[in-house]
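Analysis of the macromolecular model
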Amino acid sequence: MGAHCNDNNFSFNLNPISSSATQQDVRFSKHIHDNLHGNIYLEPLFLKFMDTEQFQRLRDIKQLGLANMVFPGAVHSRFEHSLGVYWLAGQAVHLFQNRQRLELDIDWFDVRAVKLAGLLHDIGHGPFSHLFERDFLPRVLHGSKWSHEQMSATMIDHIVTEHHIDVDQETIKRVQEMILASSEFASSKSTREKRFLYDIVANGRNGIDVDKFDYIARDCRACGLGCSFDFHRLMETMRVLGDEICYRAKHYLDAYKLFATRADLHRTVYTHAKVKAIELMVADALISANSYLEISSYILEPSQYWKLDDSIIKTIETAPDPELREARDLILRIRRRDLYQFCNEYAVPKDKLKHFKEVTAQDIICSQKSGGVMLKEEDVAVNNVRIDLTRGVQNPLQNIKFFQDFESNEKFSIPDDCVSHLLPACCQDMIVRVYSKKPELVGPISEAFENFQLKTYGIKTQVHATPEKKKRRL
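We now turn to the structure provided with this report. (Residues numbered from 1 in each chain as written. Predicted model: local features only at pLDDT ≥ 70, side-chain atom pairs only at ≥ 80, totals over all residues. Heavy atoms only, no water.)

Brief notes about the packing of helix α10 (residues 210–223) against helix α12 (residues 252–270)
At a minimum axis separation of 11 Å, α10 and α12 run at an interaxial angle of 45°. Between α10 and α12, the crossing angle belongs to the class labelled oblique. Seen along the crossing, α10 lies across α12 with a hand that is left-handed. Here K212, F213, Y215, I216, D219, C220 and C223 of α10 lie close against α12, whose contacting residues are L258, T261, R262, L265, V269 and Y270. For the contact of α10 with α12, the class distribution of residues is 9 nonpolar, 1 polar and 3 charged. (Axes fitted to C-alpha atoms, helices over the stretch in contact; angles between N-to-C directions. Helix = DSSP H or I, 4+ residues; strand = E, 2+ residues; numbered from the N terminus. Parallel < 35°, antiparallel > 145°, perpendicular 65-115°, else oblique. Left-handed = near helix turned anticlockwise from the far one by under 90°. Contact = heavy atoms within 4.5 Å. Nonpolar A, V, L, I, M, F, W, Y, C, P; charged D, E, K, R; others polar.)

Quick notes on the sheet that holds strand β3 (residues 239–241)
Think of a sheet as strands paired side by side through backbone hydrogen bonds, with each pair either parallel or antiparallel. Spatial strand order, β3-β4-β7: 3 strands in an open sheet with mixed pairing. Only two strands of the sheet have a single partner each, and these edge strands are β3 and β7 (402–403). (Pairing = 2+ DSSP bridges.)

Overview of the pairing of strand β2 (residues 38–42)
Burial within β2 is extensive, with 4 of its 5 residues counted as buried. Pairing geometry for strand β1 (residues 30–34) and β2, over 5 bridges, is antiparallel. Paired with K30 across the two strands is L42, which belongs to β2. Linking β1 to β2, which pair antiparallel, is a turn of 3 residues. (Buried < 20%, exposed > 50% of the residue type's maximum accessible area, 1.4 Å probe, protein only.)

A short note on the pattern of salt bridges
Once their charged atoms are close, side chains differing in charge can pair, the charge on each being opposite to the other. All chains considered together, the criterion is met by 24 salt bridges. A salt bridge links D199 to R205; its shortest N-O distance comes to 2.6 Å. With relative accessibility at 3%, the residue D199 sits in the buried group. The residue E244 makes a salt bridge to K411 at a minimum N-O spacing of 2.9 Å. (Salt bridge = Lys/Arg side-chain N within 4 Å of Asp/Glu carboxyl O.)

Some thoughts on helix α8 (residues 148–162)
Between its first and last C-alpha atoms α8 spans 20 Å; for 15 residues at 1.5 Å apiece the expected length is 21 Å, and the two agree. Residues of α8 that are buried in the fold lie against α2 (44–50), α3 (53–56), α6 (108–120), α7 (130–140), α9 (169–179) and α14 (302–305). Note on α8: the residue one or two positions beyond its end, H164, has a positive phi of about 50°. (Expected span 1.5 Å × (residues − 1).)

Focus: the environment of D110
Examined against the element boundaries, D110 turns out to sit in helix α6. C-alpha of D110 to C-alpha of G126: the two residues are 16 residues apart in sequence and 29 Å apart in space. Not counting the four nearest positions on each side in its chain, D110 is found in contact with D105, R174, K194 and L197.

Things to note about the side chain of D34
Positionally, D34 belongs in strand β1. Not counting the four nearest positions on each side in its chain, D34 is found in contact with I40 and R218.

Remarks on the packing of aromatic side chains
Taken as a whole, this structure holds 16 aromatic pairs when the rule is applied. Ring plane angle 40° and centroid distance 5.4 Å describe the contact between Y252 and F402, whose orientation is recorded as tilted. Highlighted residues: Y252 in helix α12 and F402 in strand β7, separated in sequence by 150 residues. Side by side, Y252 and F402 carry an identical accessibility label, which is buried. One aromatic cluster is present, built from ring pairs that chain together F132, F136, W146 and Y305. Note that R59 overlies the ring of F79, its terminal NZ or CZ placed 3.9 Å from the centroid. (Phe/Tyr/Trp six-rings, centres within 6.5 Å; stacked < 30°, edge-to-face > 60°. Lys NZ or Arg CZ within 6 Å of the ring centre and 35° of its normal.)

Some thoughts on the packing of helix α13 (residues 273–293) against helix α16 (residues 325–335)
The relative placement of two packed helices is expressed as an angle between their axes plus a distance between the axes. Contact pair α13 / α16: the axes reach a minimum separation of 8 Å and the direction vectors enclose 160°. It follows from the interaxial angle that α13 and α16 lie roughly antiparallel. For the crossing formed where α13 meets α16, the hand is left-handed. Contacts between α13 and α16 involve I278, M281, V282, D284, A285, S288 and A289 from the former and E326, A327, L330, I331, R333 and I334 from the latter. Considered class by class, the residues forming the contact of α13 with α16 number 9 nonpolar, 1 polar and 3 charged.

So, in structure tokens, the structure goes:
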């Protein structure tokens, strides 16, 4: 991921950009020191949201789910990330206000909405962040399209009502629309005024937003990884042209580094083979416990949902109830590092990506040869990992507009071949991983996995065979 950054490079303080806290604001603001951005100031309205049990719950939801089981430093929470996004959202909107005050007509209500969206954008996340909505809910609520963005919008209404926060309904509606802007539940873009404001926190237009600015820098630092992407270069020169946030043409490669670094984090950290093994086990434990604890029912009512966080694992682990025995045993296996065993993986051939169908445990056991151990579906775990640059097979840079310099008001796209021939021709990876839930079945499952590849593609697409030592492990 580029050269290692030293500690000085991680002092992400936007001094070149006018502070979003005026002298008058500072006198009435709460001062918090963030280890990434330095001093952050929260004005009274934002404190009213922050000082609620619903927001404070984010302290108990790790930003990277279970990645800390492999990367011990990755213990940062959604709480600090939300503060970081709040701060960067404020920096961005104030930059536009100061630099293009007359043409953009950004008022106090715009600033307040953008900063609230930054602060509250992740308040709907469930336990272990994305695991809850991607690996748990789809398996217990078949056909459900629940998303943390929608839950964030619901939780905002609940907080305002529960804590009698004096904020107008129009502002709340705009905040909710900004949070949903990059999701499939986004409102009609054609009806929005000042559409560029909706691209600051969650950019559904091209994927460049302050949410990524914060979590890329924060996650790299927490995991001890290098980070060649510097969001300052994009933030300090961005401007609005034709109701769209544009960037200087000379910073084209900086925009590319954002997406490349994000993809590298997905491959190196978020979808690390051992991290996914642990996530699969936790998901199985939650599914096993769901019929007794009714975990999935919490999403139906925000007054109950805020009580759900990462501590659900400790609840299961320490409960004596016999109904939770299977779930408890899975968690105990994690504690003792008796994990699902990674058998092997392969990258789906590029020419097969378009029509790829997710591989299931059933596909693997149906590929075993007769004789030997008879595998069962519950013996196998399959993880289909999709890694892209935020736009599937499309290059997200095609949707970004640039300008030559501050004397020019023309915006334009830059074709890849006009910049570098070293940029990737394909913007998506699909990796199929197979795990054995029992150490003694690594050999038979690995063989069935190889047979599946031969049956599907005519060749073994995995890089190498499963090590014999792993197959013999008992």
